[in-house]
Amino acid sequence: MRIGIPKEPDGQPLVSATPDTVGKLVKLGYEVVVETGAGATASYPDQQYREAGAEVVGPQEVWQAEIITSLDTPPDNKIEQIREGSVLIARLGVRANPAIAEVFARRNVSAISMDAVPRITRAQSMDVLSSMANIAGYRAIIEAANAFGRLFTGQVTAAGKMPPAKVYVIGAGVAGLAAIGTANSMGAVVQATDVRAAAAEQVESMGATFVAIPAPAQESSDGYAREMSEDQAKAALRLYTEQAGAADIVVTTAQIPGRPAPLLLTADAVAGMKPGSVIVDMAGGNCELTVPGQVITTDNGVTIIGYTDLAGRLPGQASQLYGQNIVNLLKLMTPGKDGQIVFNLNDEIVRSITIAHQKDVLWPPPPIAVSAAPAGGAGAGGAGGSGSASGAGGSGSLGASVDIATPKGHAARNFWTGIAAILGVALIAITPHEMLPYYIVLALAIVAGFYVITNVTHSLHTPLMSETNAISGIILVGAIISLAQSTSIVVTVLACLAILIASINIFGGFYVTHRMLKMFQKGD
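The protein chain has the name proton-translocating NAD(P)(+) transhydrogenase in an unreviewed UniProt entry, where Mobiluncus mulieris ATCC 35239 is given as its organism. We quote the UniProt Function (unreviewed entry) comment for the protein chain here in full: "The transhydrogenation between NADH and NADP is coupled to respiration and ATP hydrolysis and functions as a proton pump across the membrane." Database annotation for the protein chain, UniProt heading Subcellular location (unreviewed entry): "Cell inner membrane".

Okay, here's the thing in structure tokens:
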């Protein structure tokens, strides 16, 4: 099948495929045609597409391809050029405009909405909202630093001391976490708030301080925060106003798919901010005074940046991530790697994003539960952003699933803990007296290991695990020696078991390390 990469309309600097992703599509068996000048605004000249294996053609041939990928819903005159039976892959905004599914169904066009990717772990690599939010969060801090006009990092010089900038981020989703990481790396003192109490751990892992809302919202089964009650919303607004008044830079990230951006900063909150402060309203409507797409300065000297195209201000990298999201989707939908797309509607990802297929309207899809929140809890969250009508959501998602402990789960855990304790006491009772000191060493090692691991930042857990698993070689050597000298069937069985488990740890550790290193290698 042939994939067409059209030139986007004026005002959209991104392109739906880069030379790198074109090469990956060719490896999947597809033919790729790129419209002349499609990648020009993202600094990808036609020659690079040719070298990657694509054919550079005119617009008519691109829109007649069997599969067309674009950034957003094409203009009406372009939709009319799509032939029947073709596939369109784009951000179709179906949540805000469900009727778009009927348009494609009538034309017998299979439409895939990339902004409808479900919030499950398996779909993370296809989540364009997260990809764009990640870049937008970074760019938000760059724009803020440019408007702020002062250093982010604190300095002590011969002429005096300069304090660091104070940055307050509302919403610890993908965009919020990217903004937090960027501001922290530039030396600012960063604080952040999210409606999900579970986001505190994510915020602190990025080096920021979490400021909790007095009455946090819970996360719903679709991965987004539930709408706040009136009392919760008022408490949140009071907190935002208080924190904004003490900050130099405020970044707001709350967005709700298919709904207007929630109000986080009122005109009174802006009036209480210091002259020279900066607000970056990433949603274009979180601040009452924001003018979407523009930068304004209030009467009290606060700069409000209302750009809604922050990801588009880094078009090269944004295009690469968007194109890779599409590659990852087509890997899933091309099981034979033969250039033939397959609509397996039993797959929850394919079903969720396919809004029209064979003249059938498939929107909305069946719900997918990605998490569950206990009733009356403080809020449960996965590793992703969430949106709420009250405030601090965040753009995009990391797509993690969360299992919430239930009373039944606690009972089962307590039962097995009791069984383990009984077995431990029995083992100590039958152990020779001279072996008892080893149990003390084991217990101390467990306690020391627990406190060491819990103080390691989350981003280092995987490499730490892969390397420490390899240390199981010591256990393997000891088990082999014990097996060779064993005269007891019990010792023999335990030694064999130790050899098995240690071997799994060793090979597993090196396998994980290999997978991690492969992530940093060039190529597919």
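Having put the structure on the table, let's press on.
A. Local environment of the sheet that holds strand β12 (residues 249-252). Strand order in this open sheet of seven strands is β11-β10-β9-β12-β13-β15-β14, and the pairing throughout is mixed. Because the sheet does not close on itself, it has two edges, and the strands there are β11 (209-210) and β14 (295-297). With three bridges connecting them, strand β13 (residues 278-281) and strand β15 (residues 303-305) associate as parallel partners. Directly across from V278, in β15, lies its bridge partner T303. The sheet contacts of helix α6 (residues 128-148) involve β9 (166-170), β12, β13 and β15, and relative to β13 the element is tilted by about 155°. Of the strands in this sheet, β9, β10 (189-193) and β12 are in contact with helix α9 (residues 230-246), which crosses β9 at around 155°.

B. Quick look at the pairing of β10. Summarising the sheet, β9 and β10 pair through five bridges and their orientation is parallel. Considered in β10, the bridge of V169 is made with A192. As a crossover connection, the stretch from β9 through helix α7 (residues 174-185) into β10 is right-handed. Strand direction decides the pairing type here: β10 and β11, joined by two bridges, are parallel. By the bridge assignment for β11, A192 is matched with F210.

C. Fine view of the nonpolar core. Of all hydrophobic cores here, the largest spans 62 residues; its most connected members are I89, F104, I112, L330 and I355. Broken down by element, the residue count for this core peaks at seven residues, all from helix α11 (residues 315-333). Summarising the domain contributions, this core has at least three residues from each of domain 1 (2-126 + 315-361) and domain 2 (130-218 + 228-313). In this structure, L330 is in contact with I3, L25, L28, Y30, I89 and I341, ignoring residues within four places of it in sequence. Membership of the second largest hydrophobic core comes to 33 residues, among which are A165, A175, I180 and L310.

D. Up close: the pairing of strand β6 (residues 110-113). Burial of the side chains of β6 extends over both faces: S110 and I112 are buried on one face and A111 and S113 on the other. As paired elements, strand β5 (residues 87-91) and β6 share four bridges and run parallel to each other. Residue pairing across strands places L88 opposite A111, the latter belonging to β6. Relative to strand β16 (residues 354-357), β6 is paired through two bridges, and the arrangement is antiparallel. From the neighbouring strand, I112 faces β16, where its bridge partner is T354.

E. Structural view of the packing of helix α16 (residues 473-485) against helix α17 (residues 489-519). Contact pair α16 / α17: the axes reach a minimum separation of 8 Å and the direction vectors enclose 155°. If you check the angle between α16 and α17, you find them roughly antiparallel. You can see that α16 and α17 cross each other, and the crossing is left-handed. Facing G473, I475, L476, A479, I480, S482 and L483 of α16, the residues of α17 in contact are V491, T492, A495, C496, A498, I499, A502, S503 and I506. Across the contact of α16 with α17, the residue classes break down as twelve nonpolar, four polar and no charged.

F. Region of interest: the environment of V128. You can see V128 is positioned in helix α6. Judged by relative accessible area, which is 1%, V128 ranks as buried. If we skip the residues at most four places from it in the chain, V128 touches R91, M114, D115, Y322 and N325.

G. Structural view of the confidence of the model for the protein chain. Per-residue confidence for the protein chain gives a mean pLDDT of 85, with 85% of residues at or over 70. Across residues 371-407, where pLDDT falls below 50, the model places 143 contacts with residues more than four positions away in sequence or in other chains.

H. Up close: unusual backbone geometry. At the junction of W363 and P364, the peptide bond is cis and its omega measures out at 0° in the coordinates. In this fold, P364 is placed in the loop between β17 (360-361) and α13 (407-430). The phi torsion at S43 lies on the positive side, around 65°, for a residue other than glycine. Despite not being glycine, Q358 has its phi angle at roughly 55°, a positive value. With respect to the secondary-structure elements, Q358 resides in the loop between β16 and β17. Under the relative-accessibility criterion, Q358 is labelled exposed at 55%.

I. Region of interest: the side chain of S86. Position of S86 relative to the elements: it lies in the loop between α4 (76-79) and β5. When residues no more than four places from it in sequence are discounted, the contact partners of S86 are A65, E66, N108, V109 and S110.

J. Representation of the pattern of salt bridges within the structure. Inspection of the entire model under this criterion finds twelve salt bridges. Among the salt bridges present, the one from K24 reaches D20, with a minimum N-O distance of 3.2 Å. On the criterion of helical spacing, the pair formed by K24 and D20 is a turn pair, its members being four residues apart in helix α1 (residues 19-27). Owing to a relative accessible area of 12%, K24 belongs among the buried residues under this scheme. You can call D20 partly exposed: its relative accessible area is 37%. One salt-bridge network, held together by shared partners, links R2, E31, E55 and E61.

K. Just the sheet that holds β16, in detail. Pairing is mixed across the open sheet formed by eight strands, whose spatial order is β3-β2-β1-β4-β5-β6-β16-β17. Each edge of the open sheet carries a strand with a single partner, namely β3 (55-57) and β17. One ladder, built from four bridges, connects strand β1 (residues 2-5) with strand β2 (residues 31-35); its direction is parallel. In the strand pairing of β2, R2 is matched with E31.

So, how was this worked out
- Residues numbered from 1 in each chain as written.
- Predicted model: local features only at pLDDT ≥ 70, side-chain atom pairs only at ≥ 80, totals over all residues.
- Heavy atoms only, no water.
- UniProt positions renumbered as here; feature names shortened; annotations may be inferred.
- Pairing = 2+ DSSP bridges.
- Helix = DSSP H or I, 4+ residues; strand = E, 2+ residues; numbered from the N terminus.
- Contact = heavy atoms within 4.5 Å.
- Axes fitted to C-alpha atoms, helices over the stretch in contact; angles between N-to-C directions.
- Right-handed = clockwise from strand over helix to strand, strands pointing away.
- Core = buried A, V, L, I, M, F, W, Y, C linked by side-chain atoms within 4.5 Å.
- Buried < 20%, exposed > 50% of the residue type's maximum accessible area, 1.4 Å probe, protein only.
- Domains from an automatic or database assignment.
- Parallel < 35°, antiparallel > 145°, perpendicular 65-115°, else oblique.
- Left-handed = near helix turned anticlockwise from the far one by under 90°.
- Nonpolar A, V, L, I, M, F, W, Y, C, P; charged D, E, K, R; others polar.
- pLDDT = per-residue confidence, 0-100.
- Salt bridge = Lys/Arg side-chain N within 4 Å of Asp/Glu carboxyl O.

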